[in-house]
Amino acid sequence: MHSTRSVAAAVLLGTFLVTGAAAQPPTGQQPGAPATTLDVLHARLDRAADSVLPKVVTWRRDLHAHPELGNQEVRTSAFLAEQLRTLGYEVRTGVATTGVVAVLRGGKPGPVVALRADMDALPVTEETGLAFASKERGQYNGREVGVMHACGHDFHMSILLGAADVLARMRDGLAGTVKIVFQPAEEGVPGEPGGAEVMVREGVLENPKVDAMFGLHVGITPLEAGSITFRPKGLMAAGDTYRIVVKGRQTHGAMPWAGVDPIVVAAQIVLGLQTVVSRQIDLTTAPAVVTVGTIEGGSRHNIVPDEVRMSGTIRTFDPEMRKEILSRVKRTAENIASAAGATAELTLDEGYPVTWNDPALTERMTPSLRRVATGTFNASVQPTTTSEDFSYYGQKVPALYFFLGVAPKGADPATWAANHSPRFSPDEAALITGVRALASLAVDYLAGVGK
Ligand SMILES: [Zn+2]
Ligand SMILES: [Zn+2]
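Residues numbered from 1 in each chain as written. Chains lettered and ligands numbered in written order. Predicted model: local features only at pLDDT ≥ 70, side-chain atom pairs only at ≥ 80, totals over all residues. Heavy atoms only, no water.

Novice: Please explain the packing of aromatic side chains as it appears in this structure.
Specialist: Within this structure, the stated rule accounts for seven aromatic pairs. Aromatic pair F230 and F377: ring centres 5.8 Å apart, planes at 70°, arrangement edge-to-face. Taken together, the positions of F230 in the loop between β8 (228–229) and β9 (233–236) and F377 in strand β17 (residues 377–378) put the pair 147 residues apart, joining distant regions of the chain. As far as the burial class goes, F230 and F377 line up, both buried. What links up through ring pairs into an aromatic cluster is the set F390, Y393, Y401 and F403. (Phe/Tyr/Trp six-rings, centres within 6.5 Å; stacked < 30°, edge-to-face > 60°. Helix = DSSP H or I, 4+ residues; strand = E, 2+ residues; numbered from the N terminus. Buried < 20%, exposed > 50% of the residue type's maximum accessible area, 1.4 Å probe, protein only.)

Spelled out as structure tokens, the structure:
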């Protein structure tokens, strides 16, 4: 499935897509043949991207040196808002605590396309040795910690700001509206609401109403800088946590018939839960995992305890399958317990939903991403078991999320420090690809490419 494609060939492919079947195929186009409207737009976009690149690098290093934890992105927010105002955007701040939403109305009417980047850093003490490495400290879970953009959200922000700059320069040629979304707290903040879920609740997808949304993540896989990978449907997992309390009736371990034994019931539930994925779900649709991670109960060898507490995690890649598994886990636990005269109470902590790439939108925008990728290009990668709160936007509007490779050329995938490592150091050579990718998605979508 991997394929690499030169930029020149990809530009010609873009020509073919817009002019349709009646036009010359890409290989048949003569040098000097009249350029299509889309060619002109792409050429303008690429020139603009080249000229904003030095600013993007400066922004990235500044943001990298000043990371802030989730829901505390105060400096970051002010910095982004100021840049967006300078670029001529209508800017709204304070969305979901520190979020920034900015709107650019194009020269002609048309749909609304949204581009999103996350703003938060992690409680990690940086060990990259970079000249602009973070020296920031913060409070996390009541402890003092180092703070670092160890997930690459500094890349995401500077890339999106670069794309916003490119789009502002192309404003008169845009048929529709661009909405730039800077979102706090993607990594989650213990005990605090935040991130995409709150942004959606606070109306980020309304006024003007968003028709399609795009976002990217750097790294995740150790592909070389400029690579672009994604897949239709579930790209990243939903991760849900469940807790089960099995209640029996305490009695003497020598006379179990005088009570109800929750330990035996819990053991049966563990085995029963393993049949949800292996016997009850169509695994040809997507993979899934049900894990029991903890079991606690009992105090003495000769006492049958009153209750047993269990917890575990469920990972799924398909929203329908997720619902199905959650209901079957509950049903299995409750009915096994009831068969023994015990009860099982299940509580679910819903994690981020499946990061769902709308299949039609993904197919439609694939040529746009293929045009700008410089390393590996793969439109049908395997899903990953990490989660991402971009998924909340994808629940409401057609969305497409993709991975941007940031490993330095020649890096060993086995030893390269990945996201969340204190040595995570993405290659800035990927910045230009990121800017061109987000700007192209917006420009091509508004131009109606592939529609
Ligand atoms: Zn992360
Ligand atoms: Zn991240």
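Novice: I'm lost on the pattern of salt bridges in this one. Help?
Specialist: When their charged atoms lie close together, side chains carrying opposite charge are able to pair. Tallying each qualifying case throughout the model produces 23 salt bridges. Linking D62 and R75 is a salt bridge whose minimum nitrogen-to-oxygen distance equals 2.9 Å. Remark: R75 occurs in helix α3 (residues 74–86) and D62 occurs in helix α2 (residues 37–65); sequence separation between them is 13 residues. With relative accessibility at 25%, the residue D62 sits in the partly exposed group. By relative accessible area, which is 32% here, R75 ends up partly exposed. Across the pair K323 and E320 runs a salt bridge, and its minimum N-O distance is 3.3 Å. Of this pair, K323 and E320 both sit in helix α7 (residues 319–339), three residues apart, roughly one helical turn. Residues participating in the shared-partner salt-bridge network are R60, R61, D154 and E428. (Salt bridge = Lys/Arg side-chain N within 4 Å of Asp/Glu carboxyl O.)

Novice: Help me understand the coordination of the zinc ion (ligand 2) in this model?
Specialist: Summarising the metal site, the zinc ion (ligand 2) is bound by the protein donors C151 (SG), H153 (NE2) and H217 (NE2), whose distances to it range over 2.1 to 2.4 Å. Within one chain, the residues serving as donors to the zinc ion (ligand 2) are arranged as C-x1-H-x63-H. Separating the zinc ion (ligand 2) from the zinc ion (ligand 1) is a distance of 3.1 Å, and C151 supplies a donor atom to each of them. Remark: H217 occurs in strand β7 (residues 212–218) and H153 occurs in helix α4 (residues 153–169); sequence separation between them is 64 residues. Neither residue differs from the other here; H153 and H217 are each classed as buried. (Donors = N, O, S within 2.8 Å, 3.2 Å for Na, K, Ca; no water.)

Novice: Teacher, can you tell me more about the side chain of D389 here?
Specialist: Checked against the element boundaries, D389 lands in the loop between β17 and α9 (391–396). The exposure class assigned to D389 is buried, which follows from its relative accessible area of 0%. There is a polar contact of 2.9 Å between the side chain of D389 and the backbone nitrogen of A196. Those residues in contact with D389 that sit more than four places away from it in its chain are R116, Q183, A185, E186, G195, A196 and Y352. (Polar contact = N/O pair within 3.5 Å; in protein donor to acceptor, adjacent residues only side chain to side chain. Contact = heavy atoms within 4.5 Å.)

Novice: What's the story with the nonpolar core in this structure? I'm lost.
Specialist: Where a protein is soluble and globular, its nonpolar side chains tend to be buried together. In this structure, Y89, I180, F182, F214 and I228 are the most contacted members of the largest nonpolar core, which totals 75 residues. In terms of residue count, helix α10 (residues 431–446) provides more of this core than any other element does, eleven residues in total. If we ignore the near neighbours within four places in the chain, the residues touching I228 are L369, V372, A373, T376, F377, N378, F402, F403, L404, T433 and A437. Core analysis: the next-biggest nonpolar cluster, separate from the first, contains 28 residues, I244, V277, I314 and A333 among them. (Core = buried A, V, L, I, M, F, W, Y, C linked by side-chain atoms within 4.5 Å.)

Novice: Just to check I follow, could you spell out the coordination of the zinc ion (ligand 1) for this structure?
Specialist: Coordination of the zinc ion (ligand 1) by the protein involves C151 (SG), E187 (OE) and H420 (NE2), with metal-donor separations of 2.0 to 2.2 Å. Within one chain, the residues donating to the zinc ion (ligand 1) are spaced in sequence as C-x35-E-x232-H. Given a relative accessible area of 25%, E187 falls into the partly exposed group.

Novice: What's the story with the packing of α3 against α4 in this structure? I'm lost.
Specialist: Working note: a packed helix pair is described by the angle between its axes plus the distance between those axes. At a minimum axis distance of 11 Å, the contact between α3 and α4 shows a crossing angle of 15°. Judged by the inter-axis angle, α3 sits roughly parallel to α4. As α3 packs across α4, the resulting crossing turns out to be right-handed. On the side of α3, the interface is formed by T76, F79, L80, Q83 and L84, while α4 contributes M157, L161 and A164. (Axes fitted to C-alpha atoms, helices over the stretch in contact; angles between N-to-C directions. Parallel < 35°, antiparallel > 145°, perpendicular 65-115°, else oblique. Left-handed = near helix turned anticlockwise from the far one by under 90°.)

Novice: Please clarify how α3 should be interpreted in this entry.
Specialist: Helical periodicity: at 3.6 residues per turn, an α-helix aligns residues three or four positions apart in one direction. Over its 13 residues, α3 runs 19 Å from end to end, which matches the ideal 18 Å to within 8%, given 1.5 Å per residue. Along α3, the positions that sit buried rather than exposed are T76, S77, F79, L80, A81, Q83 and L84. Summarising the contacts, the buried residues of α3 are in contact with α2, β1 (90–95), β2 (99–105), α4 and β6 (175–183). (Expected span 1.5 Å × (residues − 1).)

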